[in-house]
There are 8 protein chains.
Amino acid sequence: KRQGFPEVIYGEGKTAEQILLIINSIRSNHNDVLVTRITKEKAEYILQEYPEFFYHELAQILFWKEDPKADSFKGYIAIVCAGTSDLKVAEEAAVTAEALGCNVRRIYDVGVAGIHRLFDNIEEIQNATVSVVVAGMEGALPSVVGGLVSHPIMAVPTSIGYGANFNGLSALLTMLNSCASGISVVNIDNGFGAAYNAALIYRIAKKGVHQDEDIVL
Amino acid sequence: KRQGFPEVIYGEGKTAEQILLIINSIRSNHNDVLVTRITKEKAEYILQEYPEFFYHELAQILFWKEDPKADSFKGYIAIVCAGTSDLKVAEEAAVTAEALGCNVRRIYDVGVAGIHRLFDNIEEIQNATVSVVVAGMEGALPSVVGGLVSHPIMAVPTSIGYGANFNGLSALLTMLNSCASGISVVNIDNGFGAAYNAALIYRIAKKGVHQDEDIVL
Amino acid sequence: KRQGFPEVIYGEGKTAEQILLIINSIRSNHNDVLVTRITKEKAEYILQEYPEFFYHELAQILFWKEDPKADSFKGYIAIVCAGTSDLKVAEEAAVTAEALGCNVRRIYDVGVAGIHRLFDNIEEIQNATVSVVVAGMEGALPSVVGGLVSHPIMAVPTSIGYGANFNGLSALLTMLNSCASGISVVNIDNGFGAAYNAALIYRIAKKGVHQDEDIVL
Amino acid sequence: KRQGFPEVIYGEGKTAEQILLIINSIRSNHNDVLVTRITKEKAEYILQEYPEFFYHELAQILFWKEDPKADSFKGYIAIVCAGTSDLKVAEEAAVTAEALGCNVRRIYDVGVAGIHRLFDNIEEIQNATVSVVVAGMEGALPSVVGGLVSHPIMAVPTSIGYGANFNGLSALLTMLNSCASGISVVNIDNGFGAAYNAALIYRIAKKGVHQDEDIVL
Amino acid sequence: KRQGFPEVIYGEGKTAEQILLIINSIRSNHNDVLVTRITKEKAEYILQEYPEFFYHELAQILFWKEDPKADSFKGYIAIVCAGTSDLKVAEEAAVTAEALGCNVRRIYDVGVAGIHRLFDNIEEIQNATVSVVVAGMEGALPSVVGGLVSHPIMAVPTSIGYGANFNGLSALLTMLNSCASGISVVNIDNGFGAAYNAALIYRIAKKGVHQDEDIVL
Amino acid sequence: KRQGFPEVIYGEGKTAEQILLIINSIRSNHNDVLVTRITKEKAEYILQEYPEFFYHELAQILFWKEDPKADSFKGYIAIVCAGTSDLKVAEEAAVTAEALGCNVRRIYDVGVAGIHRLFDNIEEIQNATVSVVVAGMEGALPSVVGGLVSHPIMAVPTSIGYGANFNGLSALLTMLNSCASGISVVNIDNGFGAAYNAALIYRIAKKGVHQDEDIVL
Amino acid sequence: KRQGFPEVIYGEGKTAEQILLIINSIRSNHNDVLVTRITKEKAEYILQEYPEFFYHELAQILFWKEDPKADSFKGYIAIVCAGTSDLKVAEEAAVTAEALGCNVRRIYDVGVAGIHRLFDNIEEIQNATVSVVVAGMEGALPSVVGGLVSHPIMAVPTSIGYGANFNGLSALLTMLNSCASGISVVNIDNGFGAAYNAALIYRIAKKGVHQDEDIVL
Amino acid sequence: KRQGFPEVIYGEGKTAEQILLIINSIRSNHNDVLVTRITKEKAEYILQEYPEFFYHELAQILFWKEDPKADSFKGYIAIVCAGTSDLKVAEEAAVTAEALGCNVRRIYDVGVAGIHRLFDNIEEIQNATVSVVVAGMEGALPSVVGGLVSHPIMAVPTSIGYGANFNGLSALLTMLNSCASGISVVNIDNGFGAAYNAALIYRIAKKGVHQDEDIVL
Ligand SMILES: Nc1ncnc2c1ncn2[C@@H]1O[C@H](COP(=O)(O)O)[C@@H](O)[C@H]1O
Ligand SMILES: Nc1ncnc2c1ncn2[C@@H]1O[C@H](COP(=O)(O)O)[C@@H](O)[C@H]1O
Ligand SMILES: Nc1ncnc2c1ncn2[C@@H]1O[C@H](COP(=O)(O)O)[C@@H](O)[C@H]1O
Ligand SMILES: Nc1ncnc2c1ncn2[C@@H]1O[C@H](COP(=O)(O)O)[C@@H](O)[C@H]1O
Ligand SMILES: [Mg+2]
Ligand SMILES: [Mg+2]
Ligand SMILES: [Mg+2]
Ligand SMILES: [Mg+2]
Ligand SMILES: [Mg+2]
Ligand SMILES: [Mg+2]
Ligand SMILES: [Mg+2]
Ligand SMILES: [Mg+2]
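Draft legend 1. Fine view of the relation of the copies chain A and chain E. Turning chain A through 90° and shifting it by 0.0 Å along the axis lays it on chain E, with an RMSD of 0.0 Å. Taken together, the turn and the small shift mark the pair as related by a four-fold rotation axis. Within chain A, the C-alpha atom positioned nearest to the axis of rotation is that of phenylalanine 166 of chain A, 7.3 Å from it.

In structure tokens form, the structure reads like this:
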């Protein structure tokens, strides 16, 4: 259980049987488990064996957590995105963060093309411990949010778009070149990675200077 | 004098002598002249022959205009950019638009990383006939402006940046993928082209439905 | 109703149910509606609820317009393209412009490889208020048209081609590098965006200097 | 003084005079100041006016700090890099972090091609609050470190390399595709950005849950 | 039988009938045969004619070998890879090497993100004559192995990954830019090519200075 | 004297001394000689030894020809280009073709942005045996010419342009994707190669069916 | 009948009905017709109406020729390629050339990896009027052939390959950078274009200096 | 002295002083030393201290070897390249191999555009233990050599070329996509790396099965 977090399985390209085998070996040590990029069909196969697991279809995540009660810590991770197109990636981030034991607030539908909705929600973002900002197309949202908040931002480019979007390259470059400070970037569509990083920071915030071995999230 | 505009010479890669020869042949027809991408040294060579010409060093533009009095039309072109780095390109746009006989307002230093300055100036941009929005680095400014105004925007990516900026590719892709409607894009650093297009629209605004042959800007 | 135009929904990646929900909320305010990139199947689902809507299959556009009578303004938008391959994008532009209340003239089948057909139709293009020029393969058409007309051109590269076309990259670069003035560019296959920009200019032409709040197209 | 940090000036592409003007206006509010990417020549010009400023030539950073005493907090930022080639970027990160008031430890010369040196120093890295890992060439160092530590890593690709390195693209892609969790990435050569992000996390660690307005680093 | 090795047929893009014809002509000379990239369906078609052939489904390889007894030579080729995702390519390499008459040891599941498993197996890798190291995602494994062994490494990037992986480009660039000496690279997913090169070296090791015509593997 | 043409030396990256040595060895067999990409300084060094050689500075070509009298054949190669920017490459082509013994006609300053000048000269192009069409920026000229002539066209993209031109990539892709038939393409700026190919065709035209060994151009 | 050649229809992306309509209008003028990139299904639809047409499935070409008797001219076009993978493109070239009335000789299965087969056939290639050389993978064949023949070569890169082949980009770049003179290049997989260009040269060879209007191939 | 080879210093980007310091620390253990990418100026600085070192200017290599007598082993490394342009990289490979204690034979000036010279020298290449094949421009040489020899080939693309060469990308892709077996590839211009790999194989050939600890080259 490195980092006090569940064991993580990347489901893409693995058969349901392969995933089940890995889960079995993890569970023999009573560990928490998180499977990402897992389709409904594969999840249902696992759920027959482990009906207590929770599957989130939009996020394509299956997980089990020994102690699922909500965190009493007053901090939270803000998951911010523009609209319906990026929901899948935003939910991968949100559900990952929840599975890692963090409080999460979703602030969706706040794209830069209609910036007033972002301003209507900016306080909730500003008060977060750390934000995950998801954006496709031109990927400008992290830059704008970055100029308005003073905590770390994990920026996630998505592959949503067409033509000169080049499957997310446009949004990726935008985020890497951001003028705003406090932004770092993960791979295209990598909602999981952004949430994992955010959870590490959340854990630091929760424990302050004593952020090491003794943490139980 | 196609389009009622001055003859335009692209100065890059031409010697001062070559430019002078072209000017001579244009001027024999009493035409207005606009030279872009012309260094101070070359401009001074021309100015010895044509001391009445005007040279703008930051914009690298040299021009002559038969009738330089300000336009009484109440419309104007807003030239919008983020900061000191993009000034050169913004000035190429602004001086071009002026040389084409348009009213121009400069709204500089309004980048998305500090979006409040943009909001302080948004009305002046909204009231423009057409805007030229210049941005380097991640190039997010046109998207944000595009969501706030309802006139056409000419977006100009600049080559300012480093690393994954790839000499302006990042800003170019951002602008081509913008979620906001009303944005079209010109080549990297092409302040001239954006201003030229804006001037065509300005001319249409000035004359309304009668936008054809009889225009004298 | 920002910009006096209908609410626009980008249909790609949205289910018929999601689109219907958005339409319902828009229509509760009696607004005009325009849905792009919507397949026949999804459109038919919507048409059951809103049989008065108009669906254009080639353009993949569904829209409703309160006041669909033709515009008495003598200006028009020229939609120019080379041949059958680019028809889909050209029609996305043409139908969008019509749905935005503009007069439209289609000048198709005028590619540069057989330039005489372009010359046979050049006057109709020259007399337009603004042109949308659509081209795939090498994308040279906007450059040639740009040299022959004196109004603004919205250039649309298409993804038509193979090999070193790289899904429209070739045509996109061609248009961004055009030697002709008066050309600005939108994303690959973005017929909608080009038409939207053209409609903004058309509106300016129609109203002249008074181009602001009081416009009803 | 957004975020409790000094005002930051990006020195590249600004003249010494321009930088001095910006410093003057900042200093009139008694703020801390940090200038990055500033050459020795420009720095010396500023130092004539502000001899109390500190210039670090390798890092190309000039700064002034009201209260420069070391932080009593027991956490620290580990700055990790492979060898002499990446020193410039590593020092931009290290000096930035120091100027932002953080404890810093440098763990240099620990590249993956001779992984034993990394293992000799791994405990000092593991005990850090957050790490900045700088790597050029193939950029594999963050992946290896990421597998060995359980705190957040800010990965900085550098432009060091030749041929198929493509000025840092290789290292950038490596880091974005890392199999290890806990890694996020900034622009090529952006030591400043990585250190800024790390300092935000360091500040959170120092103050724990109360990470907001009341922080004085 | 150039190089003392079987005739090799690249199965991709050939029909089962075409492959059968080529095998027939080869077998008329009693040669060994190796077919790569051949699907189960095509292989079954061939196996009806040549039931003595061996088909390996994961490796997608079909081959026949006159003298299949194990090599008494004490050297071996180590096939090293990170996890389940790269198995297909690793097995293409392993089965190719076996079909070329070499001793092979598989050291799988030793990725850099969990470097301890690599260290648990490092001696077996170090004692190999030559290694084939297969890696997708960021492709860092050959660099780390390269620093720990003193024999030649054939590095194989795989197309496993997503987003900024660009179908294996990321891993390919990583390997080409490796800081470790002793590494050379083959095409993305080219397990066959790496194994073929490794087998050439294995043959040299087996025969020492007399490595020419007289070899029968 | 392969192909009945002079020996060709690529001057770039060779010292004047190296070039002289190669010329000496060629000339000992009384062969014609053609050196491309040779600067004035290097050429002057050679001319001291061989004052009878001819140097063309704009074309950067130095050559000697045993029998320089004009060709009585009525065919000719048309060298077509847009304007002053592409002159260097056009002249590399023109002087090469002359040095290879062909009649050449230069039709310069006929770019697509002002297509009327092209039409004023189209007959001279149409009557050529073969054309070399040189274009930078968007590189559309070969497509337009290709639609108007019925002989083979050698298209030469140049590196002239900026921004999204990517050093000639834009023009190269344009030409490779041309809709017009009869066009084939050489490397960016390779005026020499285009002229060489054109000269091969010219030679075929001159001799008709007997185009082989017995040709003396 | 521009250029004395049949009317050509690019079948890709057109329905059988659209193709039939175009053929009808062409045939009303008794013209020859050539349709490329046409699937068997579409071709069969046309053949019901025009049973005298000839369809070549591997080449995906449908054509009709008024006067199909073999050309008595002793020249021929050599179509050269490496192996079975490139056959489709080679046949597109070969059948196109035949449909344009040229003598064609196919020299297949002569790739550079087994160069002896190329040498066994080199005389037949050398004696051709012009060659079309087709190659996928690394695309080296035109360079080698180019060094051995003294007539023009039309090089066709194919999209055959995988990994770092990037769908033919590798072969395309190889051919554009060829050290051998006499090579020009067409788009990836463009067998038609290469054959068309070759046929233009063949026609010149057949008629010599009188290569214009009066040709009937 | 890992691998029985000298300590290697990559000189690029290091000052003469830095290099001297590293040499001093190595030499205190009486080790052999090899510095690559070192300019004449820097080398002369080192030679003042260590006059017994040997500097090779074309190869930009400085080295010292305890026991420089020629190897009595009858094997050798063939260094193969096309012409004068690639000499620098070829010499980096050749001098590296010599400094590593290997017998080396240089077979230069054998490019594919004039393949007869390659055939005149093919036996000397075929008899080598291992070959390093260096090629710029289209980089086809390793494919051709690979088809003619049955030992391993280390292919080195060089950055020589222009236009669509993209600084060696063309040659790199060619080599990665080679149809010939037995070829593996190193980074662009990495003559050192290729020679190092070749020397590892040479060492295996020299010692046969006993290729481990006890080797003194
Ligand atoms: N075909 C299209 N291509 C590009 N952008 C579009 C297209 N159709 C609609 N849009 C834009 O997408 C926005 C709506 O996006 P959404 O909120 O996802 O439905 C509109 O305001 C338009 O600016
Ligand atoms: N070395 C650097 N790399 C990237 N961004 C920087 C760097 N130094 C400063 N910045 C950013 O640039 C902003 C200042 O830009 P400017 O207003 O042009 O001086 C700061 O707020 C930082 O976010
Ligand atoms: N999986 C593979 N990847 C790359 N090259 C291969 C592969 N399998 C076979 N080859 C090569 O392809 C050649 C045979 O190609 P072909 O003549 O098309 O069957 C062999 O000599 C091998 O060098
Ligand atoms: N300007 C040029 N661009 C491309 N290739 C050239 C050029 N000039 C000469 N060449 C080719 O380079 C070969 C001579 O190269 P080299 O042996 O290095 O002098 C000639 O045979 C030509 O095919
Ligand atoms: Mg911020
Ligand atoms: Mg707008
Ligand atoms: Mg125009
Ligand atoms: Mg970690
Ligand atoms: Mg090693
Ligand atoms: Mg033509
Ligand atoms: Mg030749
Ligand atoms: Mg071989």
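That was the structure; now back to the text.
Draft legend 2. Quick look at the sheet that holds strand S1 (residues 7-10) of chain G. Residues and elements named next belong to chain G. In space, the 4 strands of this open sheet follow the order S1-S2-S4-S3, with mixed pairing throughout. Only two strands of the sheet have a single neighbouring strand rather than two, namely S1 and strand S3 (54-56). Within this sheet the neighbouring strands show an average axis-to-axis angle of 15°, counted without direction. Examined bridge by bridge, S1 and strand S2 (residues 33-36) share 4 bridges and lie parallel to one another. By the bridge assignment for S2, glutamate 7 is matched with valine 33.

Draft legend 3. The relation of the copies chain D and chain A, seen in detail. You can overlay chain D on chain A at an RMSD of 0.0 Å; the transform is a turn of 180° with a shift of 0.0 Å along its axis. This pairing of chains is accounted for by a two-fold axis. When the interface residues of chain D are mapped onto chain A, 100% of them again fall at the interface, so both copies present the same face.

Draft legend 4. The arrangement of the interface of chain D and chain A in detail. On the chain A side, the residues contacting the 35 residues of chain D number 35 residues. Carbon and sulfur atoms make up 57% of the area that chain D and chain A hide from each other, which totals about 2800 Å². Our count for the chain D to chain A interface comes out at 0 salt bridges. The tally of links from chain D across to chain A stands at 10 residue pairs in polar contact (both at pLDDT 80 or more). For the side of chain D that touches chain A, the secondary structure elements donating two or more residues are helix H6 (141-148), helix H7 (169-176), strand S9 (183-185) and helix H8 (191-207) of chain D. For the side of chain D that touches chain A, the leading source of residues is H8 of chain D, giving 9 residues. For the side of chain D that touches chain A, the residue count by class is 17 nonpolar, 14 polar and 4 charged.

Draft legend 5. Fine view of the sheet that holds strand S3 (residues 54-56) of chain D. All names here are of chain D. Spatially, the 4 strands line up as an open sheet ordered S1-S2-S4-S3, and their pairing is mixed. A strand with exactly one partner marks an edge of an open sheet, and here the two such strands are strand S1 (7-10) and S3. In this sheet, adjacent strand axes meet at a mean angle of 15° when their direction is disregarded. Sheet topology places S3 next to strand S4 (residues 61-64); 3 bridges connect them, and they run antiparallel. Across the sheet, residue phenylalanine 54 finds its bridge partner in S4, namely phenylalanine 63. Lying over the sheet, helix H3 (residues 87-99) contacts strand S2 (33-36), S3 and S4, oriented at roughly 5° with respect to S4.

Draft legend 6. Fine view of the interface of chain A and chain E. The partner chain E presents 6 residues to the 11 residues of chain A that form the contact. Interface of chain A and chain E: buried area, both sides summed, is about 700 Å²; carbon and sulfur atoms make up 56% of it. Per-residue buried area on chain A facing chain E is highest for Tyr10, Asn187 and Ile188 of chain A; these three make up 45% of the total on that side. Taken together, the connections running from chain A to chain E amount to 0 salt bridges. Counting the contacts that link chain A with chain E gives 3 residue pairs in polar contact (both at pLDDT 80 or more). Class assignment for the residues of the side of chain A that touches chain E results in 4 nonpolar, 3 polar and 4 charged.

Draft legend 7. Broad picture of the site of ligand 1. Around ligand 1 lies a shell formed by Tyr162 of chain A, Cys179 and Ser181 of chain B together with Val8, Ile9, Tyr10, Lys14, Thr36, Arg37, Glu92, Asn190 and Phe192 of chain C. Flanking ligand 1 are residues from chains A, B and C. In the model, an oxygen atom of ligand 1 is placed 2.7 Å from a nitrogen or oxygen of the lysine 14 of chain C side chain. A distance of 3.4 Å separates a nitrogen atom of ligand 1 from a polar side-chain atom of glutamate 92 of chain C. Protein contacts shield 75% of the accessible area of ligand 1, which totals 500 Å² for the unbound molecule.

Draft legend 8. A look at the arrangement of the chains. The two units chain B and chain E are non-contacting; their minimal C-alpha-C-alpha distance is 12 Å. There is no contact between chain E and chain F; across them, the least C-alpha separation is 21 Å.

Draft legend 9. Examining the packing of aromatic side chains more closely. Scanning the model with the defined rule gives 52 aromatic pairs over all chains in all. The ring of tyrosine 162 of chain B is capped by arginine 37 of chain D, whose NZ or CZ atom sits 4.4 Å from the centre of that ring.

Draft legend 10. Focus on the site of ligand 2. Taken together, Cys179 and Ser181 of chain A, Tyr162 of chain B together with Val8, Ile9, Tyr10, Lys14, Thr36, Arg37, Glu92, Asn190 and Phe192 of chain D are the residues near ligand 2. Around ligand 2, the nearby residues trace back to chains A, B and D. Contact distances for ligand 2 include 3.1 Å between a nitrogen atom and a side-chain N or O atom of asparagine 190 of chain D. Broken down by element, the residue count for the shell around ligand 2 peaks at 3 residues, all from S1 of chain D. Of the residues assigned to the shell around ligand 2, the class counts are 6 nonpolar, 3 polar and 3 charged.

Draft legend 11. A look at the pattern of salt bridges. Under the definition given, this model contains 63 salt bridges over all chains. Lysine 206 of chain B is the salt-bridge partner of aspartate 71 of chain B, the closest N and O atoms lying 3.2 Å from each other. Of this pair, aspartate 71 of chain B sits in the loop between strand S4 (61-64) and strand S5 (77-81) while lysine 206 of chain B sits in helix H8 (residues 191-207), and the two are 135 residues apart along the sequence. For aspartate 71 of chain B, a relative accessible area of 15% translates into the label buried. The closest approach of N and O atoms between arginine 106 of chain E and glutamate 98 of chain E, which form a salt bridge, is 3.0 Å. Judged by relative accessible area, which is 32%, glutamate 98 of chain E ranks as partly exposed. By sharing partners, the salt bridges in this structure join Glu91, Glu98 and Arg106 of chain A into a single network.

Cut-offs used in this document
- Residues numbered from 1 in each chain as written.
- Chains lettered and ligands numbered in written order.
- Predicted model: local features only at pLDDT ≥ 70, side-chain atom pairs only at ≥ 80, totals over all residues.
- Heavy atoms only, no water.
- Least-squares fit on C-alpha atoms with pLDDT ≥ 70 in both.
- Pairing = 2+ DSSP bridges.
- Helix = DSSP H or I, 4+ residues; strand = E, 2+ residues; numbered from the N terminus.
- Axes fitted to C-alpha atoms, helices over the stretch in contact; angles between N-to-C directions.
- Contact = heavy atoms within 4.5 Å.
- Buried area = accessible area lost by both parts, 1.4 Å probe.
- Salt bridge = Lys/Arg side-chain N within 4 Å of Asp/Glu carboxyl O.
- Polar contact = N/O pair within 3.5 Å; in protein donor to acceptor, adjacent residues only side chain to side chain.
- Nonpolar A, V, L, I, M, F, W, Y, C, P; charged D, E, K, R; others polar.
- Near = heavy atom within 4 Å.
- Areas by Shrake-Rupley, 256 points an atom, 1.4 Å probe, with all protein chains shown as cover.
- Phe/Tyr/Trp six-rings, centres within 6.5 Å; stacked < 30°, edge-to-face > 60°.
- Lys NZ or Arg CZ within 6 Å of the ring centre and 35° of its normal.
- Buried < 20%, exposed > 50% of the residue type's maximum accessible area, 1.4 Å probe, protein only.

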